[in-house]
Each structure stands twice: as structure tokens, then as C-alpha cells.
Amino acid sequence: MSSEDLAPQELRTLVAIAHEGGFSAAAGTLGMTQSAVSHAVRGIERKVGVVLFERGRHGARPTAAGERAVAHARRVLRMLDTLAAEARGAGAGPGGADTVAGPLRIAAFRSAALHLLPTALERLTARHPGIEPTVRVVREVGPGTAGEVAAGRADVGIATLGTGTPVPPELIGDVLLEEPYALVHPAGHPDPRSLPLVDWTENCSSYTRTWWAAQDWIPCATVHAEDDGAVLSMVSSGLGMAIMPALSLTSAPLTTEITDLGPERPTRSVGYVTTPELATTVAVRALIRELRGSHPRGRDRGRTVFPGQSGPTQFAVSDSRKSE
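Residues numbered from 1 in each chain as written. Predicted model: local features only at pLDDT ≥ 70, side-chain atom pairs only at ≥ 80, totals over all residues. Heavy atoms only, no water.

## As for the pattern of salt bridges
Piece 1. Considering all chains together, one arrives at 14 salt bridges under this definition.
Piece 2. A salt bridge links Arg123 to Glu290; the nearest nitrogen and oxygen atoms lie 2.9 Å apart. With Arg123 in helix 6 (residues 117-127) and Glu290 in helix 11 (residues 282-294), this residue pair connects regions lying 167 residues apart in the sequence.
Piece 3. Given a relative accessible area of 30%, Arg123 falls into the partly exposed group.
Piece 4. Overall, the relative accessible area of 6% leaves Glu290 in the buried class. (Salt bridge = Lys/Arg side-chain N within 4 Å of Asp/Glu carboxyl O. Helix = DSSP H or I, 4+ residues; strand = E, 2+ residues; numbered from the N terminus. Buried < 20%, exposed > 50% of the residue type's maximum accessible area, 1.4 Å probe, protein only.)

## A word on the packing of aromatic side chains
Piece 1. All chains considered together, the criterion is met by one aromatic pair.
Piece 2. Judged by centre distance (6.3 Å) and plane angle (90°), the rings of Phe23 and Phe53 are edge-to-face. Taken as a pair, Phe23 in helix 2 (residues 23-30) and Phe53 in strand 1 (residues 53-56) lie far apart in primary sequence, 30 residues in all. Here Phe23 and Phe53 have matching classes, each one buried.
Piece 3. Just above the ring of Trp217 sits the side chain of Arg193; from NZ or CZ to the centre is 4.0 Å. (Phe/Tyr/Trp six-rings, centres within 6.5 Å; stacked < 30°, edge-to-face > 60°. Lys NZ or Arg CZ within 6 Å of the ring centre and 35° of its normal.)

## Observations regarding the environment of Leu124
Piece 1. Assignment of secondary structure puts Leu124 in helix 6.
Piece 2. In this structure Leu124 comes out as buried when scored by relative accessible area, which is 0%.
Piece 3. Sequence-wise, Leu124 and Arg289 are 165 residues apart; in three dimensions their C-alpha atoms are separated by 8.8 Å.
Piece 4. The contact partners of Leu124, leaving out residues within four places of it in the chain, are Leu104, Ile131, Ala286, Leu287 and Glu290. (Contact = heavy atoms within 4.5 Å.)

## Focus: the pairing of strand 11 (residues 267-274)
Piece 1. By the criterion of burial, strand 11 is predominantly enclosed, with eight of the eight residues buried.
Piece 2. Of the two faces of strand 11, the one lined by Thr267, Ser269, Gly271 and Val273 and the one lined by Arg268, Val270, Tyr272 and Thr274 are each fully buried.
Piece 3. Where strand 5 (residues 156-161) and strand 11 come together, six bridges link them in antiparallel fashion. The residue bridging Thr160 from the neighbouring strand is Val270, located in strand 11.
Piece 4. The sheet contact formed by strand 6 (residues 172-186) and strand 11 spans eight bridges and is antiparallel. The residue bridging Leu177 from the neighbouring strand is Val270, located in strand 11. (Pairing = 2+ DSSP bridges.)

## Some thoughts on helix 6
Piece 1. Among all positions in helix 6, only Leu117, Ala120, Leu121 and Leu124 are buried. For helix 6, the angular spread of buried residues about the axis comes to 95°, placing them on one side. Set apart from the buried face of helix 6 by more than 90 degrees, the exposed residues are Glu122 and Ala126.
Piece 2. Taken together, the buried residues of helix 6 touch strand 3 (102-108), helix 5 (110-115), strand 4 (131-137), strand 5 and helix 11. (Arc of directions from axis to C-beta.)

## Concerning the nonpolar core
One broad rule of soluble globular proteins: the nonpolar side chains tend to lie buried together.
Piece 1. In terms of nonpolar packing, the biggest core is built from 29 residues, with Leu104, Ile158, Leu287 and Leu291 touching the most fellow members.
Piece 2. At the level of secondary structure, the elements contributing two or more residues to this core comprise strand 3, helix 5, helix 6, strand 5, strand 6, strand 11 and helix 11.
Piece 3. Broken down by element, the residue count for this core peaks at seven residues, all from helix 11.
Piece 4. The next biggest cluster of nonpolar side chains, apart from the first, holds 17 residues, and it includes Val37, Val41, Ala73 and Leu77. (Core = buried A, V, L, I, M, F, W, Y, C linked by side-chain atoms within 4.5 Å.)

## Thoughts on the packing of helix 1 (residues 8-20) against helix 3 (residues 34-48)
Piece 1. At a closest axis distance of 10 Å, the pairing of helix 1 and helix 3 adopts a crossing angle of 110°. One way to sum up the angle between helix 1 and helix 3 is to call them roughly perpendicular. The way helix 1 lies across helix 3 gives a crossing that is left-handed. Two secondary-structure elements touch here, helix 1 through Glu10, Thr13, Leu14 and Ile17 and helix 3 through Val37, Ala40, Val41, Ile44 and Lys47.
Piece 2. When grouped by side-chain class, the residues that make up the contact of helix 1 with helix 3 number six nonpolar, one polar and two charged. (Axes fitted to C-alpha atoms, helices over the stretch in contact; angles between N-to-C directions. Parallel < 35°, antiparallel > 145°, perpendicular 65-115°, else oblique. Left-handed = near helix turned anticlockwise from the far one by under 90°. Nonpolar A, V, L, I, M, F, W, Y, C, P; charged D, E, K, R; others polar.)

## With respect to the side chain of Ser269
Piece 1. Mapped onto the elements, Ser269 comes out in strand 11.
Piece 2. Judged by relative accessible area, which is 12%, Ser269 ranks as buried.
Piece 3. Within the structure, the side chain of Ser269 is placed 3.5 Å from the side chain of Glu178, a separation counted as a polar contact.
Piece 4. When sequence neighbours within four positions are dropped, the list of residues in contact with Ser269 reads Ala159, Thr160, Leu161, Val175, Leu177 and Glu178. (Polar contact = N/O pair within 3.5 Å; in protein donor to acceptor, adjacent residues only side chain to side chain.)

Right under this line is the structure:
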């Protein structure tokens, strides 16, 4: 036998064990006995030719090969669901257009979930009432939102592109907007650059550190917060100043003031990532259209105008990340 003989139920078994952390818990989820799950895993490992789970007293955890197999299993099962949903929706929309019903799983970092997605999702569900979007907020640290997509836990990730953590090579995507960083500080402060720097972990991974290193007026962070919302709260309370991207500053408190960092200010590229197989599906394509069309700061693909800019900022991404 070969791995081509794996059946959908075997894929569900892999996913359940990885999710539950053990054979016994997975058996309960699958409606099987533990011995049946163990037997199924031995058969799967025999077909694939490698050990997929490390067994121990405290459960089972995927090996490196198992992590990859589980990710593929999630993605294959998702495509099986999509096959049925799109077949039912073919030509079923107004005027014979294709439509689709079912879940659309989105992973997004906090400020994108708060300020980029809501308008797009409102328009998406108005055009496609059967789509049921769910948004999972994921910190852009380590694998981040792109890692959720690569692992098969999300269909689309709203990600920061061009950072120290590259997008997994098996994914594709494109830039939606490029947002500038700005200085935010307590309103009315006579010398905001003299204040302590407030920072948060996600900001620390930004490629803008090259720019930061060249600015002798920026001190080392003395106050560290959990997320950008906490940073704004601390700045609003007069505890320091911060350098933050535009999305994070969308709902800055009235007790703060935002100062442009000038023409050489750093920027952050925000885009979407998905898998090649999901990029052509009705739901994912519809979401990407709404993301491109509904962002309030600019509607040209690949261009975004922010307050303080004289015109649109043009940028490009590697061809390996582009998709329609």
C-alpha cells in the first residue's frame, strides 16, 4: 500500500489525535474505541512509512513528520468540504452566479481583526449570506497567522509581510495595504521624544528595526505591554510614547496625539495569505475582493493613502506570494 490509499476517516483520525493530544480523547471525539484508534494509526503509519506520533504516559504528540501529515490532512479535509459546498452552489446565485455556503476560517492579528476585517466581512456576508466567517486573533510572533494557514487551521490569514518571519513557501498571497508608522504620545506634551518608549512583542519582530537602529533619539523600551491596545492605554495615561503602525492607531484615544515621522518613516506591509488550492475557491476569492474594495484608506490594489502622505505609496512583493 501507499499513502495514496489514505481514506478521509484516516485523515480525521490524525487531526483528532493532534487536536486532543492523545488516542483516548481522540477516540471519544471520533466515536471509536481507543484500541480502534491505535489500530488505525498503526495502519496509517504503515501506509505512509514513518512514525507520526510519539506515544507516552501523557498522551501522544506528533513527530516532525506527524506535524506535516496533520497539516496536509486538515487541508485535504477542508477541500473535501469545499468540493461539496461549491458543487451545491454552482450557478445557484442571482443571475446564475456561483455562490457558496459554509464556514470561512480567518486568522488575523489584533489590529487587522479590529479595523480591517469588519467592513469587508459586512460586505461579504451581504453578497454571500451563506458564508459563515469566523475570525481567530493570532499574535504575529513566530509562525503567526501564516502558520495557521499552513497548518490547515485557517483558510485565509491576514498577515504582516516582509518581516523577519517569512511566509511559508507553500502559501501564496499579496499585499493589501502598506501602512506607515507614526509617533503617538500624550496630547500636549512639550517634548514627546524625551518620554520612555512603550513597546509590545509583535512590534519587536518588525523589519522596521533597521530604521529604529538608525534613530539615536529612540531609547530602549522600558515599558513592555501585551498588545497594541495596552500600549495605547499606557501612552494615554502618560507613561510614555510609542512608535506604532496606522492600523493600531485607528482608534487612538483623544488623550493621545499622533505625530508624523517624516518622509523616511518606516512602513509595514499588510496582506493576505492562503493555500494555492483555496485561492481559487468562491469564498476566499470573495473575501479578497471585499478586502481590496472596502478598505477606507485607499481602493487601488497595491496602493494606500494615509493622512499626511502626499500621494499613494507603491510597493511590490515577491511573485511567490501573489495570487488573484
